[in-house]
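Each chain, written out:
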Amino acid sequence: METALEYFGVATGLLYLLLEIRQHRSMWVVGFITSLVYVFVFFSARIYADMGLNLYYTAISLYGFWQWNKKQTIPSAGEAIQDQTILYRHSSFRLLSGIILSIAVIFLAIYFCLAVFTDSPIPAGDAFTTAVGIVATWMVARRIIEHWIFWVVANAVSIYLYYLRELYPTMFLYFCYMMLAIAGWYTWKKKGVNTNDSTL
């Protein structure tokens, strides 16, 4: 049952990332389902911070769905951008500094909890990927293009962690995530519109 659930999570996870690259709103629905599945998968594998991260993902999927369904248009030669257009913005130095500081604080808090209160076999790695994932998901919801870079790093670390826990289908999923994160960065840069709109 657990293996079947993991394979199902892999399938919906790949679908989520393909939808994210295309900025299709249904990504948030698929992401909600994937995250719920991985709550159980990671609990079984004793990867507690990633389990908690997926609880966070289920909640932020609702926020992302609401955020992406707000009426958002920007002027371009007097016309509104079409709904299917990829919109993004860059992180400012100030925002990037806040993002990195947030990751550091979240990492320390999660690492302390895992090391002291759980039997997690990989507290540092689990805390790091969870901290990056929390912040990067918020960046996705706000369409900040640098989120792809954070996902490449987090996914690379996750591949190693899931190898250690013998979650081989999930390890493959996160390898695909890493490759598709690179493709996502390229797609947003090539086909997207940089709005510099802080309301996105």
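Quick note: structure is the one above.
Being a predicted model, the structure only gives us computed values, none of them experimental. (Residues numbered from 1 in each chain as written. Predicted model: local features only at pLDDT ≥ 70, side-chain atom pairs only at ≥ 80, totals over all residues. Heavy atoms only, no water.)

Student: What's the story with the overall build of the chain in this structure? I'm lost.
Tutor: Scanning the chain from N- to C-terminus turns up seven helices and four strands. Counting from the amino terminus, helix and strand elements in the chain follow one another as α-α-α-β-β-β-α-α-α-α-β. In summary, the chain has a C-alpha radius of gyration of 17 Å against a globular reference of 16 Å for 200 residues, a match within 12%. The dimensions of the chain, computed from C-alpha atoms along their principal axes, are 60 × 35 × 25 Å. Per-residue burial over the chain gives 48% buried out of 200 residues. Contacts in the chain between residues far apart in sequence, at least 24 positions, make up 75% of those at least 6 positions apart. Entry remark: accessible area of the chain is about 10,200 Å², with carbon and sulfur atoms responsible for 68%. (Helix = DSSP H or I, 4+ residues; strand = E, 2+ residues; numbered from the N terminus. Rg over C-alpha atoms; globule rule 2.2 N^0.38 Å. Buried < 20%, exposed > 50% of the residue type's maximum accessible area, 1.4 Å probe, protein only. Contact = heavy atoms within 4.5 Å. Areas by Shrake-Rupley, 256 points an atom, 1.4 Å probe, with all protein chains shown as cover.)

Student: Help me out: how do you make sense of unusual backbone geometry in this one?
Tutor: Glycine aside, negative phi is the norm for most residues, and most peptide bonds take the trans geometry. You will see that Arg-46, though not glycine, has its phi angle at about 60 degrees, which is positive. Summarising the element assignment, Arg-46 is placed in the loop between helix H2 (27-44) and helix H3 (48-68). Arg-46 sits in the partly exposed class, given a relative accessible area of 30%. One non-glycine residue, Arg-143, adopts positive backbone phi at about 60 degrees.

Student: What should I look at first to understand the packing of helix H4 (residues 93-117) against helix H5 (residues 123-141) in this one?
Tutor: Each pair of packed helices gets described by two things: the angle between the helix axes and the distance between those axes. Between H4 and H5, whose axes approach to 8 Å, the crossing angle comes to 145 degrees. Crossing hand, H4 versus H5: right-handed. Contact residues: H4 offers Leu-95, Ile-99, Ser-102, Ile-103, Ile-106, Phe-107, Ile-110, Tyr-111, Leu-114 and Ala-115, while H5 offers Pro-123, Ala-124, Asp-126, Ala-127, Phe-128, Thr-130, Ala-131, Val-132, Ile-134, Val-135, Trp-138 and Met-139. Across the contact of H4 with H5, the residue classes break down as 19 nonpolar, two polar and one charged. (Axes fitted to C-alpha atoms, helices over the stretch in contact; angles between N-to-C directions. Left-handed = near helix turned anticlockwise from the far one by under 90°. Nonpolar A, V, L, I, M, F, W, Y, C, P; charged D, E, K, R; others polar.)

Student: I'm lost on the packing of aromatic side chains in this one. Help?
Tutor: Describing an aromatic ring pair means giving the distance of the ring centres and the angle of the ring planes. Using the criterion set out here, one finds 11 aromatic pairs in the structure. Residues Trp-148 and Trp-188 carry aromatic rings whose centres are separated by 5.6 Å and whose planes lie at 90 degrees to one another, so their mutual orientation is edge-to-face. Remark: Trp-188 occurs in helix H7 (residues 168-191) and Trp-148 occurs in helix H6 (residues 147-164); sequence separation between them is 40 residues. You'll find Trp-148 and Trp-188 in the same group, each marked buried. Through pairs of rings, three or more aromatic residues link up here, namely Tyr-38, Phe-42, Tyr-162, Tyr-174 and Tyr-177. (Phe/Tyr/Trp six-rings, centres within 6.5 Å; stacked < 30°, edge-to-face > 60°.)

Student: Sorry if this is basic, but what is going on with the side chain of Asn-155 here?
Tutor: With respect to the secondary-structure elements, Asn-155 resides in helix H6. When residues no more than four places from it in sequence are discounted, the contact partners of Asn-155 are Tyr-174, Tyr-177 and Met-178.

Student: Whenever I open this one, the environment of Asn-54 confuses me. Can you help?
Tutor: Relative to the assigned elements, Asn-54 resides in helix H3. Overall, the relative accessible area of 5% leaves Asn-54 in the buried class. For the pair Asn-54 and Phe-32, spaced 22 residues apart in sequence, the C-alpha to C-alpha distance is 8.8 Å.

Student: Please explain H5 as it appears in this structure.
Tutor: Each α-helix winds once per 3.6 residues, and so residues spaced three or four apart point in a common direction. End to end, H5 covers 27 Å across 19 residues, agreeing with the expected 27 Å (1.5 Å per residue, within 8%). Trailing H5 by a residue or two, Arg-143 shows a phi angle of about 60 degrees, which is positive. (Expected span 1.5 Å × (residues − 1).)

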